[in-house]
Amino acid sequence: MSAELERVYRENFKEIKPPLKPEEARLEASRCLYCYDAPCVRACPTHIDVPRFIKQIASDNLKGSAKTILEANPLGHSCARACPVEVLCEGACVYHEWQDHPIQIAKLQRRATDYLHELGGAGPFKPAPDNGHRVAVIGAGPAGISCAVYLRRLGYAVTIFEKEKVPGGLNTFGIAEYKMGRKVSLAEAKMAFALGVKLSSGKEVGKDILPRSLLEDFSAIFIATGLGSTQRLGVPGEDLPGVWEALAFIRHVKNRELSALGSSALTVVIGGGNTAIDAATQSKRIGTPRVVMAYRRSAAEMGAYGFEYELAKQDEAEFLWNSAPVRIIGRKKVEGVEFQKTRVKGGKLHLLPGSHFTIACDRVIKAIGQSQLRDLAQAMNFKLDKDGRIAVNPETLRTSVSKIFAGGDAINGGKEVVNAAADGKRAALAIHRFLMPAAELSPENRYWARTIESRPAEALHA
Ligand code: SF4
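Described below are features of the structure shown in this document. Here the structure is a predicted model, which is why all the values come from computation and not from measurement. (Residues numbered from 1 in each chain as written. Predicted model: local features only at pLDDT ≥ 70, side-chain atom pairs only at ≥ 80, totals over all residues. Heavy atoms only, no water.)

### Brief notes about the environment of Y178
- Position of Y178 among the secondary structure elements: in the loop between α10 (170-173) and α11 (182-194).
- The class for Y178 is buried, based on a relative accessible area of 1%.
- In this structure, the C-alpha to C-alpha distance between Y178 and A410, residues 232 residues apart in sequence, is 26 Å.
- The residues touching Y178, leaving out its near neighbours within four places in the chain, are N12, F13, K14, E15, I16, D278, T281, Q282, R285 and L311. (Helix = DSSP H or I, 4+ residues; strand = E, 2+ residues; numbered from the N terminus. Buried < 20%, exposed > 50% of the residue type's maximum accessible area, 1.4 Å probe, protein only. Contact = heavy atoms within 4.5 Å.)

### A word on the packing of aromatic side chains
- As enumerated under the stated definition, the model contains 10 aromatic pairs in all.
- With a centroid separation of 5.4 Å and 10° between ring planes, the pair formed by F319 and W321 is classed as stacked.
- Residue W321 is classed as partly exposed on the basis of its relative accessible area, which comes to 22%.
- For the pair F339 and F357, a centre-to-centre distance of 5.5 Å together with 20° between the ring planes defines the contact as stacked. Of the two residues, F339 is situated in strand β10 (residues 336-345) and F357 in strand β11 (residues 348-360); the sequence distance between them amounts to 18 residues.
- Among the aromatic side chains, those forming a connected cluster through ring pairs are Y309, F319 and W321.
- Here R251 stacks its cationic end above the ring of F173, 3.9 Å away from the centre of that ring.
- For R285, the ring lying beneath its charged end belongs to Y178, and the centroid distance is 4.1 Å. (Phe/Tyr/Trp six-rings, centres within 6.5 Å; stacked < 30°, edge-to-face > 60°. Lys NZ or Arg CZ within 6 Å of the ring centre and 35° of its normal.)

### Remarks on the site of the ligand
- In the neighbourhood of the ligand, the contacting residues comprise C32, L33, C35, A38, C40, P51, C93, V94, I103 and I105.
- Among the residues forming the shell around the ligand, the class breakdown is 10 nonpolar, no polar and no charged. (Near = heavy atom within 4 Å. Nonpolar A, V, L, I, M, F, W, Y, C, P; charged D, E, K, R; others polar.)

### Structural notes on the sheet that holds strand β8 (residues 318-320)
- Spatially, five strands are ordered β5-β12-β6-β7-β8 in an open sheet, and the strand pairing comes out parallel. Pairing within the sheet leaves two strands with one partner each, and these edge strands are β5 (243-245) and β8. For this sheet, the mean angle separating the axes of adjacent strands, direction not counted, is 25°.
- In terms of strand pairing, strand β6 (residues 266-270) meets strand β7 (residues 290-294) through five bridges, oriented parallel. Within β7, the residue paired with I270 across the bridge is A294. (Pairing = 2+ DSSP bridges. Axes fitted to C-alpha atoms, helices over the stretch in contact; angles between N-to-C directions.)

### Some thoughts on the side chain of T172
- Summarising the element assignment, T172 is placed in helix α10.
- Among the polar contacts listed, one links the side chain of T172 to the backbone oxygen of P167, at a separation of 2.7 Å.
- T172 has contacts with V166, P167, R182, S185, L186 and K254, leaving out every residue within four places of it along the chain. (Polar contact = N/O pair within 3.5 Å; in protein donor to acceptor, adjacent residues only side chain to side chain.)

### Points about the pairing of β7
- Counted residue by residue, β7 has four buried out of five residues, so it is predominantly covered.
- In the classification by handedness, the crossover that spans β6, the intervening helix α15 (residues 274-285) and the parallel β7 is right-handed.
- Two strands pair when backbone bridges link them, and β7 and β8 are joined in this way by three bridges, in the parallel orientation. Residue pairing for β8: V292 is matched across the bridge by E318.
- Following the backbone out of β7, through helix α16 (residues 306-314) and into the adjacent parallel β8, one traces a crossover that is right-handed. (Right-handed = clockwise from strand over helix to strand, strands pointing away.)

### Some thoughts on the environment of A157
- With respect to the helices and strands, A157 occurs in strand β2 (residues 157-162).
- Along the primary structure A157 and P129 are separated by 28 residues, whereas in three dimensions their C-alpha atoms are 9.9 Å apart.
- Sequence-distant contacts of A157, defined by excluding residues within four places in its chain, comprise H133, R134, V135 and R152.

### Considerations on the layout of surface pockets
- Put simply, the second largest pocket is a space of about 390 Å³.
- Along the wall of the second largest pocket there are 19 residues; nearest its centre are H77, R81, K183, V184 and A187.
- Those elements giving two or more residues to the lining of the second largest pocket turn out to be α6 (76-82), α8 (105-119) and α11.
- Here the lining of the second largest pocket gets six residues from one element, more than from any other, and that element is α11. (1 Å grid on protein atoms, 1.4 Å probe; cavity = no way out; pocket = protein on both sides within 12 Å on 5 of 7 lines; lining within 4 Å. Points joined across faces, edges and corners; volume = space filled by probe spheres on them.)

### Regarding unusual backbone geometry
- A positive phi angle is found at Y34, which is not glycine, with a value near 50°.
- Checked against the element boundaries, Y34 lands in the loop between α2 (22-31) and α3 (39-43).
- A relative accessible area of 27% places Y34 in the partly exposed class.
- If you check the backbone angles, Q99 has positive phi at about 50° while not being a glycine.
- By the secondary structure assignment, Q99 is in the loop between α7 (89-92) and α8.

### Describing the environment of G132
- For G132, the position within the fold is in the loop between α8 and β1 (134-138).
- Of the residues examined, G132 reaches a relative accessible area of 62% and is grouped as exposed.
- Linking G132 and A157, residues 25 residues apart in sequence, is a C-alpha distance of 7.5 Å.

### Observations regarding the sheet that holds strand β9 (residues 323-329)
- As summarised here, the arrangement of the three strands in space is β9-β10-β11, forming an open sheet in which the pairing is antiparallel. Among the strands making up the open sheet, the edge pair consists of β9 and β11. The average undirected angle you get between the axes of adjacent strands in this sheet is 25°.

As structure tokens, then:
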């Protein structure tokens, strides 16, 4: 890497949320009121026992604290960085009632899990004795890793099939570097492999591996593939050089492959979600002088979180509302985007006649959501819902095929890492109930199993 590139990454991609120092963490932990029936626990999709792990930090039991976190969420190390805590645990903290700062739960969680990972080793859990069943997990992203960890703890032989060469899914490839470096997700995956989870990487199910063979060779399958590639805009010029899918763009930035991206004087990002914001801020941080984010609806209807929007504004991205792309212009490569203004009438989006305008640009990034995996659905014969997501029973995450379960983005259309982790846990228990309906849960597995119930407080205080 050139000295200049190193400087760009050092200055523009340093963590936006640096860790707490040990004494800061102790002080912050001592502010917690250790609430009974704590709202922060209820707000966490995995129902981590927040007051307990914070109390353990206050008493210098960092290892115990990390165990409490990972018991409910094996992705706790990455969630401490990637979770939108402002709308989850920290947003629910009782300190808000007194207009005071909420407890910095994410940073405390990071303090504990960083400590555990610095210690190295296999982590705090052990696999149960082999129960004779084999489970295939498709996808080594957050949902897949979470499910695999719990299945190992229940005694299943688990193989994860991952099309990439390295595990982690979006945690490794799709999260902005200034939020989380890939070593965090790789360390998390390593802990799963230390439990005995096997990884088959660099081969895609449906392309290099026959789906039929998985159905024959395994007692159950958990699909955690995430979504497919970015949806097409469906406008002329979409395939011109210089048009990027947001995740591919972010991946190049994260891999420090800036030469593959070429330079840009003005980049147009199309979309209004968190991925669009990530693409816009990263474009700015690799040195693009002007970045314009165009969304076909208004600012109020944007899918991105408020704090993500603020981040893009701080990075001096520009915004274009109620503007839908109708054509990407260019002969040999992108030269501009033609838009048409929109208006919502009767709940529907309408293009306004005669409102065309053009923005000259040399790079376009599409961030308009991802398409679904219809090929896998066809090959394995499970049903999709009307939005193209895998249809599942919400309690068991079981698909229309009895031995196939699914979770994460493939069923929710694209949510947070913590939602994927919660799905993996729920599916692991459902697979266990399906394959070994008469089996009693061991004491080691009873606690996390109870956090799946919709009564977290009862589970935690039982
Ligand atoms: Fe601590 Fe706030 Fe959770 Fe109460 S709500 S336990 S004060 S973090």
